[in-house]
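Survey of secondary and tertiary structure
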Amino acid sequence: MEGQNRITDRTEGRALSATRVDTTIVVAAVAAAAIGALGLIGVLGQAWMGQTPSSLLTYLPMILVPIAIILACVAMIRAAMRRRQTGVGHR
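These figures come from a predicted structure and were not determined experimentally. (Residues numbered from 1 in each chain as written. Predicted model: local features only at pLDDT ≥ 70, side-chain atom pairs only at ≥ 80, totals over all residues. Heavy atoms only, no water.)

What follows is about the pattern of salt bridges. As enumerated under the stated definition, the model contains two salt bridges in all. With a shortest N-O distance of 2.5 Å, D22 and R78 are connected by a salt bridge. Of this pair, D22 sits in helix α1 (residues 18-48) while R78 sits in helix α2 (residues 55-86), and the two are 56 residues apart along the sequence. R78 sits in the partly exposed class, given a relative accessible area of 25%. Between D22 and R82 there is a salt bridge, with the nearest N and O atoms lying 2.2 Å from each other. With D22 in helix α1 and R82 in helix α2, the pair connects residues that are 60 residues apart, well separated along the chain. Each of D22, R78 and R82 takes part in salt bridges that share partners, so that together they form one network. (Salt bridge = Lys/Arg side-chain N within 4 Å of Asp/Glu carboxyl O. Helix = DSSP H or I, 4+ residues; strand = E, 2+ residues; numbered from the N terminus. Buried < 20%, exposed > 50% of the residue type's maximum accessible area, 1.4 Å probe, protein only.)

Attention now goes to α2. If you check α2, its first and last C-alpha atoms are 47 Å apart, about what 32 residues at 1.5 Å a residue would give, namely 46 Å. Of the residues making up α2, those classed as buried are P61, L64, A68 and A75. (Expected span 1.5 Å × (residues − 1).)

Attention now moves to the side chain of Q46. In this fold, Q46 is placed in helix α1. Those residues in contact with Q46 that sit more than four places away from it in its chain are Q51, T52, P53, S54 and L57. (Contact = heavy atoms within 4.5 Å.)

Turning next to the UniProt feature "transmembrane region" (unreviewed entry) in the protein chain. Within this structure's numbering, the places UniProt gives as "transmembrane region" (unreviewed entry) are residues 21-44 and 56-77. Span residues 21-44 is 100% helix and 0% strand, its end C-alpha atoms 35 Å apart. A distance of 32 Å separates the end C-alpha atoms of residues 56-77, which is 100% helix and 0% strand. (UniProt positions renumbered as here; feature names shortened; annotations may be inferred.)

Our focus in this paragraph is the environment of G39. Relative to the elements of secondary structure, G39 occurs in helix α1. The buried category is assigned to G39, whose relative accessible area is 2%.

Let us look at the confidence of the model for the protein chain. On average, residues of the protein chain score 83 in pLDDT, and 77% of them are at 70 or above. Looking at the elements of the protein chain, mean pLDDT is at its lowest for strand β1 (residues 6-8), recorded as 56, and at its highest for α1, recorded as 91. (pLDDT = per-residue confidence, 0-100.)

Right under this line is the structure:
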């Protein structure tokens, strides 16, 4: 039963636990959201100073925030599926 929650790591040939995979997904989602938010703050700061916003700072939020939302949804779906499989919360 323990082997069902493991994913094989192809680089070293060892198994990753489902919890570690979920943690990695959440960390990637938070990092993408933070970088996207910093890009948005940069665009607003440049506009406030009267400068033309750089194209990189303009595209960062438009690309990274949807990626962060998708990754967060994937993490929540994986957690719900794992909760349903293990029967946690049933009395």
